[in-house]
Amino acid sequence: MTTAPRTRTTRSRLPSLTGLRFVAVLFVFAFHASLEGPFADAGINRRYADVVANAGWLGVSFFFVLSGFVLTWSARPHDTAAGFWRRRAAKIYPLHILIWGAALALVAWAGTAATPHQAIPNLFLVHAWFPTRPVFSSLNDVTWSLSCEVFFYFSFPLILRAVRRIRAGHLWVWAAATAVLVPLLPLVSELLPASPALPFGSGSVWQFWFVYVLPASRLPEFCLGILLAQLLLSGRRVPIGVLPAAALVLAGYAVSLQLPFLYGLTSVTVLPVGLLIAAVAQRDTSGAASVLATPTAVRLGEWSFAFYMVHRLLLEFGHRWTGAGRTWSTPSAIGMLAAAFALSLLLSGALHVAVERPAMRYLSGKRAAPAAVPEPERDPAAQPAVPSSATPGPSPSPTA
């Protein structure tokens, strides 16, 4: 009896992953909405915050894994590193620079004008390398994750070359080993200074920065996405369907809420997130129908980067405009959050059409139609531009 040779998977479109991006950014929005404490009923505020306490951390992890996955899936056979970096810069920098300018104006209006030590690293997306909250959470604080993505982009050509040399039968081992690195980070962080203490969660600013913000510490999640994409491209399959993988993500999230703060950030959800991404991609390659692949879902997924970039500023400064610290009755608070969501959505659609697409067309060196597979724009949980003592750390990113 002979066994048919394993065939490589065709690089087909992955519309469901684009649609899934918007689901992930909803987790981020829900988390940031909880930071505003909009409900006059303190009990509702507390219960809502408890439920979405780790939603932002989950969102950013999803976007980092997705980033590695889709970049590998869509990698061009004869591409150059310079060409790849040019396209990535065209994807993120035009919108970032526009929102950076808006954030400068907003923090000045609020009386907390950014210093050069904050504004310059943020502009060049290197601020996540600084272990101080006023810097890595400066201005539009969700951009800390773009700082990680820039590091990923610079590393990607070298990492992909190394991953392609791994025997297909060993990719699962490498993926599992990479995922195991994530829960080791909080353990290693115990070696770092225990002060200054975080004003939220537990641990120190140094420990939080090392586990969650430092680009090098988030690289394993990006590499996990690369390994899983390469596994599928080699003809292997993930032994799990979309619904079971989604159930694993939810179970991991529930467990994360019970863990010590630093261990609950991404430790127990990173592997389920990777399996979900791979399972969704696997279903797309089979041609199966999916609600995530509908035109509306794909369109919203395409808007997710712009949504991610504007929603935090709208929530925070919209709240300040209506009255800093103001709360509303439960129906009114829900209405205010719905209005913030709708405004974020409308603005993200306009920015995608007016800024993102033209920038990609004219700056990336191509005039073709939009990419057939979802491309990162990320990851993903944050605080005000000049962090207060009551708000958590940097926001997650959907650059993936």
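Our subject in this report is the structure included herewith. (Residues numbered from 1 in each chain as written. Predicted model: local features only at pLDDT ≥ 70, side-chain atom pairs only at ≥ 80, totals over all residues. Heavy atoms only, no water.)

Before going further, it helps to spend a moment on the overall build of the protein chain. Counting secondary structure elements, the protein chain contains 16 helices and zero strands. A buried classification covers 55% of the 400 residues belonging to the protein chain. Accessible surface computed for the protein chain: about 16500 Å², of which carbon and sulfur atoms make up 69%. (Helix = DSSP H or I, 4+ residues; strand = E, 2+ residues; numbered from the N terminus. Buried < 20%, exposed > 50% of the residue type's maximum accessible area, 1.4 Å probe, protein only. Areas by Shrake-Rupley, 256 points an atom, 1.4 Å probe, with all protein chains shown as cover.)

The next point concerns the packing of aromatic side chains. Inspection of every chain in the model, using the stated rule, returns 29 aromatic pairs. Aromatic side chains F156 and F222 sit 6.1 Å apart centroid to centroid with 70° between the ring planes, which places their arrangement in the edge-to-face category. A residue pair is termed long-range when its members are at least 10 positions apart, and F156 in helix α7 (residues 144–163) and F222 in helix α10 (residues 215–233) qualify at 66 residues. F222 carries the same exposure label as F156, and that label is buried. Residues F208 and Y212 carry aromatic rings whose centres are separated by 5.3 Å and whose planes lie at 25° to one another, so their mutual orientation is stacked. Placement of both F208 and Y212 in helix α9 (residues 205–213) is noted, with a separation of four residues, approximately one turn of the helix. (Phe/Tyr/Trp six-rings, centres within 6.5 Å; stacked < 30°, edge-to-face > 60°.)

Taking 1.5 Å as the rise per residue, α10 with 19 residues should run 27 Å; its terminal C-alpha atoms sit 27 Å apart, in good agreement. Buried residues dominate α10, accounting for 18 of its 19 residues. Two residues or fewer after α10 comes G235, characterised by a positive phi angle close to 100°. (Expected span 1.5 Å × (residues − 1).)

Residues S195 and P196 are joined by a peptide bond in cis, for which omega reads 0°. Here P196 shows up in the loop between α8 (171–189) and α9. You will see that L125, though not glycine, has its phi angle at about 55°, which is positive. Inspection of the secondary structure assignment puts L125 in the loop between α5 (116–123) and α6 (133–136). Residue L125 is classed as buried on the basis of its relative accessible area of 1%. Within the chain, L139 stands out as a residue other than glycine whose phi angle is a positive 50°. Along the chain, L139 falls in the loop between α6 and α7. Judged by its relative accessible area of 3%, L139 is buried.

On the surface, I120, F124, V126, W129 and F130 cluster together to form a nonpolar patch covering roughly 470 Å² of accessible area. You can see W129 is positioned in the loop between α5 and α6. Taking relative accessible area as the criterion, W129 reaches 35% and is therefore assigned partly exposed. (Patch = residues over 30% accessible without salt bridge, like charges linked within 9 Å, V, L, I, M, F, W, Y side chains within 5 Å. Salt bridge = Lys/Arg side-chain N within 4 Å of Asp/Glu carboxyl O.)

Now for the packing of helix α4 (residues 81–109) against α7. Packing of α4 against α7 brings their axes to within 9 Å, and their N-to-C directions diverge by 170°. One way to sum up the angle between α4 and α7 is to call them roughly antiparallel. Along the contact surface, α4 presents A81, F84, W85, R88, I92, Y93 and H96, while α7 presents L146, V150, Y153, F154, F156 and P157. Classifying every residue of the contact of α4 with α7 by side-chain character gives 11 nonpolar, one polar and one charged. (Axes fitted to C-alpha atoms, helices over the stretch in contact; angles between N-to-C directions. Parallel < 35°, antiparallel > 145°, perpendicular 65-115°, else oblique. Contact = heavy atoms within 4.5 Å. Nonpolar A, V, L, I, M, F, W, Y, C, P; charged D, E, K, R; others polar.)

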